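Each chain is listed here by its residues.
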Amino acid sequence: MLITPIIARKRDGQVLHRDQINQLVRGLVTGEVSDAQAAAFAMAVCTRGMDVGERVALTEAMRDSGDVLAWDLPGPVVDKHSTGGIGDNVSLILAPALAACGAFVPMISGRGLGHTGGTLDKFDAIPGYATTPDTALFERVVRDVGCAIIGQTGTLAPADKRLYAIRDVTGTVESIDLITASILSKKLASGLDALVLDVKCGSGAFMANMEQAAALADALVNVSNGAGCRTAALITDMDEPLASAAGNAIEMANACAFLTGHEVDSRLWDVVVALGAEALVLTGIAADRDAGAERVRDVLSDGTAAERFGRMVTELGGPADFLDRWADHMEGAPVIRDIVAPDDGFVTAIDGRAVGLAVVDLGGGRRQADDRIDHRVGFDRLAGRGAMVARGDAIARVHAADAAGADAAAAALAAAYRISADPPDLAEPVLRTVAG
């Protein structure tokens, strides 16, 4: 296998043919492509870029490098992917809502790394929940309940797993071409009919501005549609935490409160409904976005989405009464205290990245892939942008393993907030739709 000419061709800015891309991806799986060659290829793509045809070919080759699930179900198969943010527990709510609307959702999710949280880490806070079930159990839960949220198995897109590990240590993670192929190869290996994407934009997102977010959304939508999966994307605001909670068990509790109607964050509601409406249109369950939004609002309000969530948790090994007693089933942090506003005024800005890093410093996130997580820690009751506060009012509550950690986290959280005399201009949480 001659890999060097393929690398050289991309290094020189030429377009790679599909058979060349297939050859390189096969070599990633068999080991015939060395780490050095994989790194050189990643750097060549990072510096020279790929056109849409190359992106589609790379995505499909990595998708086909392992198992590709095939479903025989009485309804459409759909999934959602987020590019990562703070307080982003949308998946916990959206998957059962879509299942309650008649879709089937085999959601393959990931763990957090860096300042953003991971969906699987939230489910690890539930005692007994199997985030890596065998294929038979996964398929049975999807068929019987309508949704299952689990982690990537070793047989799904193994070429991506190897290439990502190399990109992570060679400064090539940020390539839109490689990000696109990495995200979509795993999602499309799940055997989807449709996919809706939540591309975050703002201080708490990997894409800090609209130009970057739109470029990634366009790439994801065009490639996924080019690979035969009906796809659309929403660009959503991440200039503040989406939910009023940040941290694994704390975000799980927030989602449970949302599903049961005890406490519903308005911005989170808007994003869940908008993504759900888009997914229902893509699958043909709803004729248009208005009809789709009404369906999602109905299943969230009447408890049928909550019922699906509870069944999913139970079928995957969690407590049968989890939605009734989530606070009892998840371990709480030993130190919980309020964080207060230093001045009177309005919350005008929140550094989302700083909030995420404060959770990491508490032990609730990872700096390295093998770091252990304390699921108990984080923040809740986070005041949002536009909130009017008086000096000494609580703007958040910290959950920490010890007093020193609580002190440090409180200082970091307070520094992430800007309070001014004048109220801010508030943006809608859904900034733009990118249709296929």
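First, a word on scope: everything that follows refers to the structure included in this document. (Residues numbered from 1 in each chain as written. Predicted model: local features only at pLDDT ≥ 70, side-chain atom pairs only at ≥ 80, totals over all residues. Heavy atoms only, no water.)

1. As for the nonpolar core
For the record, the criterion: Here, nonpolar core means buried Ala, Val, Leu, Ile, Met, Phe, Trp, Tyr and Cys residues that are tied together by side-chain atoms lying within 4.5 Å of each other. Burial classification: accessible surface area is computed with a 1.4 Å probe over protein chains only, and a residue below 20% of its type maximum counts as buried, one above 50% as exposed, and the rest as partly exposed.
If you look at the biggest cluster of nonpolar residues, it comprises 122 residues, and the most contacted ones within it are Leu300, Phe309 and Phe379. Counting 24 residues, the second largest nonpolar core, distinct from the first, contains Ile7, Leu16, Leu24 and Ala38.

2. Here's the deal with helix α7 (residues 135-145)
Going by this rule: Put simply, DSSP H or I for four residues or longer makes a helix, DSSP E for two residues or longer makes a strand, and each gets a number counted from the N terminus. Read the arc as the range of directions from the helix axis to the C-beta atoms. Residue contacts are defined here by distance: any two heavy atoms, one from each residue, within 4.5 Å place the two residues in contact.
Taken residue by residue, α7 has Phe138, Val141, Val142 and Val145 as its buried positions. An end-on view of α7 places all buried positions within 100 degrees of arc, on one side of the element. The elements touched by buried residues of α7 are α5 (90-100), β2 (105-109), β3 (147-151) and α14 (304-315). Immediately downstream of α7, the backbone of Gly146 shows phi near 105 degrees, a positive value.

3. Overview of the layout of surface pockets
Stated precisely, the cut-off is as follows: Grid points spaced at 1 Å over the protein atoms alone were grouped into cavities, where a 1.4 Å probe fits but cannot get out, and pockets, open sets with protein on both sides within 12 Å along at least five of seven lines, with lining residues defined by an atom within 4 Å of a point. Grid points are joined across faces, edges and corners, and a volume is the space filled by probe spheres set on the points.
Within this model, the second largest pocket holds a volume of roughly 430 Å³. Surrounding the second largest pocket, 20 residues form its lining, Ile250, Ala253, Asp380, Arg397 and His399 being those nearest its centre. For the lining of the second largest pocket, the secondary structure elements donating two or more residues are α11 (248-259), α15 (326-329) and β10 (394-400). Among the elements that make up the lining of the second largest pocket, the one with the highest residue count is α11 (5 residues).

4. Re the sheet that holds strand β4 (residues 194-201)
Applied cut-off: Strands qualify as paired when DSSP identifies two bridges or more between them. Every axis corresponds to a line fitted to the C-alpha atoms, with the helix fit spanning only the stretch in contact, and the corresponding angles, defined between N-to-C directions, vary from 0 to 180 degrees.
As summarised here, the arrangement of the 4 strands in space is β1-β4-β5-β12, forming an open sheet in which the pairing is mixed. Strands with a single pairing partner mark the edges of an open sheet, and in this sheet they are β1 (78-82) and β12 (430-434). Taking the axes of each pair of neighbouring strands and ignoring which way they run, one obtains an average angle of 20 degrees across the sheet. By the bridge criterion, 4 bridges tie strand β5 (residues 230-237) to β12 in an arrangement that is antiparallel. Looking across to β12, one finds that Ile235 is bridged to Arg432.

5. A look at the pattern of salt bridges
So the rule is basically this: Here, a salt bridge means any Lys or Arg side-chain nitrogen found within 4 Å of an Asp or Glu carboxyl oxygen.
With the rule as written, the count across this model stands at 26 salt bridges. A salt bridge links Glu60 to Arg18; the shortest N-O distance between them is 2.7 Å. Residue Glu60 is found in helix α4 (residues 52-63), and its partner Arg18 is found in helix α2 (residues 18-30); the two are separated by 42 residues along the sequence. As a salt-bridge pair, Arg267 and Glu240 come within 3.7 Å of each other at their nearest N and O atoms. In this pair, Arg267 is assigned in helix α12 (residues 266-283) and Glu240 in the loop between β5 and α11, connecting sequence segments 27 residues apart. As far as burial versus exposure is concerned, Arg267 and Glu240 are alike and both buried. The network of salt bridges with shared partners includes Arg140, Arg143, Asp144 and Glu315.

6. Considerations on the sheet that holds strand β6 (residues 335-340)
The 3 strands lie next to each other as β6-β10-β8, forming an open sheet whose pairing is antiparallel. Whereas interior strands pair on both sides, the edge strands pair on one side only; in this sheet they are β6 and β8 (378-380). Across the sheet, the mean angle separating the axes of adjacent strands is 30 degrees when strand polarity is ignored. Pairing of β8 with β10, which is carried by 3 bridges, proceeds in the antiparallel orientation. By the bridge assignment, Gly378 is partnered in β10 with His399. Across the face of the sheet, helix α17 (residues 403-416) comes into contact with β6, β8 and β10 while running at roughly 25 degrees to β6.

7. Notes on the side chain of Ser185
The test is simple: Counting of polar contacts relies on pairs of N or O atoms within 3.5 Å, with two restrictions inside protein: one atom must be capable of donating a hydrogen and the other of accepting it, and residues adjacent in sequence are counted only when both atoms are side-chain atoms.
Note that Ser185 resides in helix α9 (residues 176-188). Taking the relative accessible area as the measure of exposure, Ser185 reaches 0% and is therefore buried. At a separation of 3.2 Å, a polar atom in the side chain of Ser185 contacts the main-chain carbonyl oxygen of Ser182. In this view, Ser185 contacts Thr59, Met62, Arg63, Ala157 and Asp160; residues no more than four positions away in its chain are not counted.

8. Some details on the packing of aromatic side chains
The condition is simple: A pair of aromatic rings is counted whenever rings of Phe, Tyr or Trp (Trp by its six-membered ring) have centres within 6.5 Å, and the orientation is called stacked for planes under 30 degrees apart, edge-to-face for over 60 and tilted otherwise.
The tally for this structure, following the rule as stated, stands at 4 aromatic pairs. Measuring from ring centre to ring centre gives 6.2 Å for Phe123 and Phe309, while their planes differ by 35 degrees; the resulting arrangement is tilted. In this pair, Phe123 sits in helix α6 (residues 119-123) while Phe309 sits in helix α14, placing the two residues 186 residues apart along the sequence. What makes Phe123 buried here is its relative accessible area of 0%.

9. Some words on the packing of α7 against α14
Stated formally: Angle categories: roughly parallel below 35 degrees, roughly antiparallel above 145, roughly perpendicular from 65 to 115, and oblique for all the rest. Take the far helix as your reference; a near helix turned counterclockwise from it by less than a right angle gives a left-handed crossing, and one turned clockwise gives a right-handed crossing. Amino acids are sorted into nonpolar (Ala, Val, Leu, Ile, Met, Phe, Trp, Tyr, Cys and Pro), charged (Asp, Glu, Lys and Arg) and polar (every other residue, Gly among them).
In contact at an axis separation of 10 Å, α7 and α14 are set at 155 degrees when each is read in the N-to-C sense. Judged by the angle between their axes, α7 and α14 are roughly antiparallel. Where α7 crosses over α14, the handedness of that crossing is right-handed. Of α14, the residues touching α7 (which contributes Leu137, Arg140, Val141, Asp144 and Val145) are Arg308, Arg311, Met312 and Glu315. Taken together, the residues that form the contact of α7 with α14 break down as 4 nonpolar, no polar and 5 charged.

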